[in-house]
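Now for the letters of each chain:
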Amino acid sequence: DTAVSQTPKYLVTQMGNDKSIKCEQNLGHDTMYWYKQDSKKFLKIMFSYNNKELIINETVPNRFSPKSPDKAHLNLHINSLELGDSAVYFCASRGQGGSKNIQYFGAGTRLSVL
Amino acid sequence: GDSVTQMEGPVTLSEEAFLTINCTYTATGYPSLFWYVQYPGEGLQLLLKATKADDKGSNKGFEATYRKETTSFHLEKGSVQVSDSAVYFCALSDPGGFKTIFGAGTRLFVKA
């Protein structure tokens, strides 16, 4: 049973399109994240939600809009896609109790904008 | 603000060689320190952690010791295998906060 699952795994689309990536965690964690990883493997935090409330919003274009319908789900919608949005996007959740501050990552969504 | 600096890669080693990947950090408080590993086509996964000074984290033959005096958390393994080829990330987290700060990652290639 996958702990943090995100769909789709691959996304190929044209410039200007709108797309969404979905993420679900079955670990019972309160806090979830979206990260962007570029081609050099640099990992940049984008957003974080704690119990459906936005708590981290880094400098990200407002074409990116996260939505958390409940604490087990954090989706990412991207409007008017640009070439520079091509990257791997990772969803993660944050451990609690004995696993405090450990990040649990999904397998990633590779977005290619043509 | 808090930051993590790790050695640039790629690092290329022969099987059974000794591995060190250097990591230093800057933090105002007393962070927890982590090493994560990313295998090709996968997400990051925790390799080991240490939560206070002089703690040693260990897993799968990898070790790292939390050194407050040198603000370092270097990753070591005595004998690497081809299957250790991956990208390794050093990271820190303020126990009271929600953000984890990652280093830039170090790619390791191990040749047979």
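Our structure's up above, just so we're on the same page.
A short tour of the structure in this document, coming up. Predicted model only: the values in this text are computed from it and were never measured.

In this section: the pairing of strand β12 (residues 106-111) of chain B. Looking along a regular strand, one sees the side chains alternate between the two faces of the sheet. Residue and element names in this part refer to chain B. Here β12 shows one buried face, formed by Thr-106, Leu-108 and Val-110, and one open face, formed by Arg-107, Phe-109 and Lys-111. In terms of strand pairing, strand β2 (residues 11-14) meets β12 through four bridges, oriented parallel. Counted as the bridge partner of Leu-13 is Val-110 from β12. In terms of strand pairing, strand β10 (residues 86-93) meets β12 through three bridges, oriented antiparallel. Opposite Val-87, over in β12, you have Arg-107 as the bridge partner.

Applying the stated criterion across every chain yields a total of seven salt bridges over all chains. The residue A:Lys71 makes a salt bridge to A:Asp30 at a minimum N-O spacing of 2.7 Å. Residue A:Lys71 is found in the loop between β7 (64-70) and β8 (73-78), and its partner A:Asp30 is found in the loop between β3 (19-25) and β4 (31-37); the two are separated by 41 residues along the sequence. Judged by relative accessible area, A:Lys71 falls into the partly exposed class, the value being 34%. B:Asp84 serves as the salt-bridge partner of B:Lys77, at 2.8 Å between the closest nitrogen and oxygen. Neither B:Lys77 nor B:Asp84 differs from the other in exposure class; each is buried.

A few words now on the interface of chain B and chain A. Taken residue by residue, the interface counts 21 residues in chain B and 24 residues in chain A. Taking both sides of the interface into account, the surface hidden between chain B and chain A amounts to around 1,700 Å²; carbon and sulfur atoms contribute 55%. Between chain B and chain A we count one salt bridge in total. One salt bridge in this structure joins B:Lys99 and A:Glu58, with 2.9 Å as the shortest N-O distance. Across the contact surface, chain B and chain A share five residue pairs in polar contact (both at pLDDT 80 or more). Looking at the side of chain B that touches chain A, the elements that each hand over two or more residues are β5 (32-38), β6 (45-50), β10 and β11 (100-102) of chain B. Within the side of chain B that touches chain A, the residues separate by chemical class into 10 nonpolar, six polar and five charged.

What follows concerns the nonpolar core. The biggest cluster of nonpolar side chains holds 26 residues, and the ones touching the most others in it are B:Leu19, B:Trp35, B:Leu47, B:Leu48, B:Phe73, B:Leu75 and B:Tyr88. Of all the secondary structure elements, the ones that give two or more residues to this core are β2, β3 (19-21), β4 (23-26), β5, β6, β8 (62-65), β10 and β12 of chain B. Counting residues per element, this core draws most heavily on β10(B), at four residues. One finds A:Val4, A:Met46, A:Leu81 and A:Ala87 within the second-largest nonpolar core, a separate group that totals 20 residues.

The rules we used
- Residues numbered from 1 in each chain as written.
- Chains lettered and ligands numbered in written order.
- Predicted model: local features only at pLDDT ≥ 70, side-chain atom pairs only at ≥ 80, totals over all residues.
- Heavy atoms only, no water.
- Buried < 20%, exposed > 50% of the residue type's maximum accessible area, 1.4 Å probe, protein only.
- Helix = DSSP H or I, 4+ residues; strand = E, 2+ residues; numbered from the N terminus.
- Pairing = 2+ DSSP bridges.
- Salt bridge = Lys/Arg side-chain N within 4 Å of Asp/Glu carboxyl O.
- Contact = heavy atoms within 4.5 Å.
- Buried area = accessible area lost by both parts, 1.4 Å probe.
- Polar contact = N/O pair within 3.5 Å; in protein donor to acceptor, adjacent residues only side chain to side chain.
- Nonpolar A, V, L, I, M, F, W, Y, C, P; charged D, E, K, R; others polar.
- Core = buried A, V, L, I, M, F, W, Y, C linked by side-chain atoms within 4.5 Å.

Geometric values such as these leave the question of function open.
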